Amino acid sequence: MSAGLIVFFALVILIATSLMLRPLRLLRQQMGSAARLEGDFLRSRELPFSWSPLSEISSIAYSLFKMKQMLTSFSRYVPMQVVTWLIRRDKIASLGVRKTYCTTMFCDIADFTSLTERTAPSVLMEVFTEFMDTVCASTMRNNGTIDKIIGDCVMAFWGSPDEVPNQEEDACRNALECRAALQKAQALWASNGLPVFRARIGMAAGTVLAGNSGASDRFQFTVLGDPVNLASRLEGLNKAFDTSILIDGNIHDRVFQLFATRKLATVKVKGKSRASEAYELVGEVGQCPEKIVCACDAFTAAVQAFERRDFSKCLEQLQTHRLLLDGVPDGGGLTGTWATQLESEARCYLENGTPPGFTHVRQFEKM
């Protein structure tokens, strides 16, 4: 065989090998990313390569593409953190929970039922989807896990399946970002003649049962326990306190140096035998005006004085609270009906004394 033919066949073999090896390398890379759910695997909407001389390789590539589509769809029903966690475990999912510390959030649209009655379905879905996109994107950006969407309510948690350092801080920052984004959207909706609504957020932290719960053949990854129930109740209590974000004492004790908060009351809610402290999350320290931070401190002092029956001190602190907010646009959102009610009660008890059986714990058994 002549040297020319040898060179020719060598080039043919080299080209054929290259045509086969390149798709195989891409397949190996894509399959590795699929196994770990890394990189742009789920974000890519294209085949790893457009053509291969071997139909078997093309068939494998197409199967990988279909698996990507299924995983992408699956991740829209199940939190991505949970999908990743299940793949890392390299086991078939099974029933089972463990005790862990989590922060739970419920975010709900205020008066959604009446909104549905007066709004065309197509218009309602437009603003509803934008709201849900905002809340879910912000929650995932702040290391939260979306548990479920229950009608118009988003339930999320921090601390499982993976631990989240400073989870209370992340949860609070997420709540404030959701509120700010909604306020911007409200102005846009109003200018376009779309319905405008408010959102209410409740959050609580503590030991929960986290893991797969449900029936033997149908379950979901979720959190269960007293803090979850409290977070749901606090979300509803926003209506009573004329607020938008409420947190419990556990969260407050871990974030009060980073965020402006004010104590509203000690409450007893449905489903709990013990009372809990309810705080309003107002803003982030450093971003809130100093007057707002000081007004929050004054209101907390007023509530604490009320709870120890020092009604004179309570009224004094409420006066300080009012003076600090004088000239602040819309009172910084801190001059709602609850401040008026607290002042009225303190003045009444100061003048007439407390009634028999008086307790500072507020009963909200229906919420």
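First things first, this report covers the structure right here in the doc. (Residues numbered from 1 in each chain as written. Predicted model: local features only at pLDDT ≥ 70, side-chain atom pairs only at ≥ 80, totals over all residues. Heavy atoms only, no water.)

1. Details of the overall build of the chain
Within the chain, the secondary structure is distributed over eleven helices and nine strands. Considering only residue pairs separated by 6 or more positions, the chain has 70% of its internal contacts joining residues 24 or more positions apart. (Helix = DSSP H or I, 4+ residues; strand = E, 2+ residues; numbered from the N terminus. Contact = heavy atoms within 4.5 Å.)

2. Quick notes on a nonpolar patch on the surface
A surface patch of nonpolar side chains, about 220 Å² in accessible area, is lined by V97, L209 and L224. For L224, the position within the fold is in strand β5 (residues 218-224). (Patch = residues over 30% accessible without salt bridge, like charges linked within 9 Å, V, L, I, M, F, W, Y side chains within 5 Å. Areas by Shrake-Rupley, 256 points an atom, 1.4 Å probe, with all protein chains shown as cover. Salt bridge = Lys/Arg side-chain N within 4 Å of Asp/Glu carboxyl O.)

3. As for the state of the cysteines
Summed over all chains, the structure comprises zero disulfides. Cysteine C296 remains unbridged, with the sulfur of C288 as its closest cysteine sulfur at 6.9 Å. (Disulfide = S-S within 2.5 Å.)

4. As for helix α9 (residues 290-307)
Given 3.6 residues per turn, any residue in an α-helix points the same way as the ones three and four places further on. Taking 1.5 Å per residue as the helical rise, α9 with its 18 residues ought to reach 26 Å, and the 26 Å between its terminal C-alpha atoms agrees with that figure. Within α9, burial applies to I292, V293, A295, C296, A298, F299, T300, A302, V303, A305, F306 and E307. Turning to α9, the residues buried within the fold contact β7 (259-269), β8 (276-284), α10 (311-324), α11 (337-352) and β9 (361-364). Two residues or fewer past α9, R309 is found with a positive phi of approximately 70 degrees. (Expected span 1.5 Å × (residues − 1). Buried < 20%, exposed > 50% of the residue type's maximum accessible area, 1.4 Å probe, protein only.)

5. Thoughts on the pairing of strand β4 (residues 199-215)
In terms of burial, β4 is largely enclosed, as 13 of its 17 residues are buried. Bridging between strand β1 (residues 96-109) and β4 involves 14 bridges; their strand directions are antiparallel. Bridge pairing links C107 to I201 in β4. Across three bridges, the pairing between β4 and strand β6 (residues 245-248) is parallel. Of the residues in β6, the one forming a bridge with I201 is I245. For β4 and β5, the ladder comprises seven bridges, and the chain directions are antiparallel. Bridge assignment links G214 to a residue of β5, and that residue is F219. Following β4, the chain reverses through two residues before pairing antiparallel with β5. (Pairing = 2+ DSSP bridges.)

6. Looking at the packing of aromatic side chains
Evaluated as defined, the whole model comprises twelve aromatic pairs. Between F306 and F311, the aromatic rings sit 5.3 Å apart at their centres with planes inclined by 70 degrees, giving edge-to-face as the arrangement. Overall, F311 belongs to the buried group, its relative accessible area being 6%. A network of ring pairs unites the aromatic residues F306, F311, Y349 and F358 as a single cluster. (Phe/Tyr/Trp six-rings, centres within 6.5 Å; stacked < 30°, edge-to-face > 60°.)

7. Remarks on unusual backbone geometry
Cis geometry is adopted by the peptide bond preceding P161, which originates at S160 and carries an omega value of 5 degrees. Note on placement: P161 falls in the loop between β3 (153-158) and α6 (167-191). In this structure, N143 takes a positive phi of about 70 degrees despite not being glycine. With respect to the helices and strands, N143 occurs in the loop between α5 (121-141) and β2 (145-150). Within the chain, N166 stands out as a residue other than glycine whose phi angle is a positive 55 degrees. Summarising the element assignment, N166 is placed in the loop between β3 and α6. N166 gets classed as exposed once you look at its relative accessible area, which sits at 52%.

8. Section: the packing of α5 against α6
The contact between α5 and α6 brings their axes to 9 Å, and the two run at 155 degrees. Classed by the angle they form, the pair α5 and α6 counts as roughly antiparallel. Relative to α6, the crossing made by α5 is right-handed. Between α5 and α6, the contacting residues are V127, E130, F131, T134, V135, S138, T139 and R141 on the first element and N174, E177, C178, A181, L182, A185 and W189 on the second. When its residues are assigned to classes, the contact of α5 with α6 shows eight nonpolar, four polar and three charged. (Axes fitted to C-alpha atoms, helices over the stretch in contact; angles between N-to-C directions. Parallel < 35°, antiparallel > 145°, perpendicular 65-115°, else oblique. Left-handed = near helix turned anticlockwise from the far one by under 90°. Nonpolar A, V, L, I, M, F, W, Y, C, P; charged D, E, K, R; others polar.)

9. Thoughts on the nonpolar core
Counting residues in hydrophobic clusters, the biggest one holds 39 residues, and the most contacted among them are V223, L237, F241, V267, F299, F306 and C314. Per-element accounting of this core gives the leading share, six residues, to helix α7 (residues 226-241). Once you skip the residues sitting within four places of it in the chain, C314 turns out to touch A302, A305, F306, L342 and A346. Grouped together as the second largest cluster of nonpolar side chains are 38 residues, A199, V255, Y279 and L281 included. (Core = buried A, V, L, I, M, F, W, Y, C linked by side-chain atoms within 4.5 Å.)

10. Describing α6
For α6, with 25 residues, the first-to-last C-alpha span of 36 Å sits near the 36 Å given by 1.5 Å per residue. Looking one or two residues beyond α6, the residue adopting positive phi is G193, at roughly 75 degrees.

11. A word on the packing of α9 against α10
Across the interface, α9 lies against α10 with an axial gap of 8 Å and an inter-helix angle of 165 degrees. Between α9 and α10, the angle is such that the two are roughly antiparallel. The two elements α9 and α10 cross, and the hand of that crossing is left-handed. Along its contact with α9, which presents K291, C294, A295, A298, F299, A301, A302, A305 and F306, the element α10 presents F311, K313, C314, Q317, L318, T320, H321 and L324.

By themselves, these are just geometric observations and shouldn't be taken as functional.
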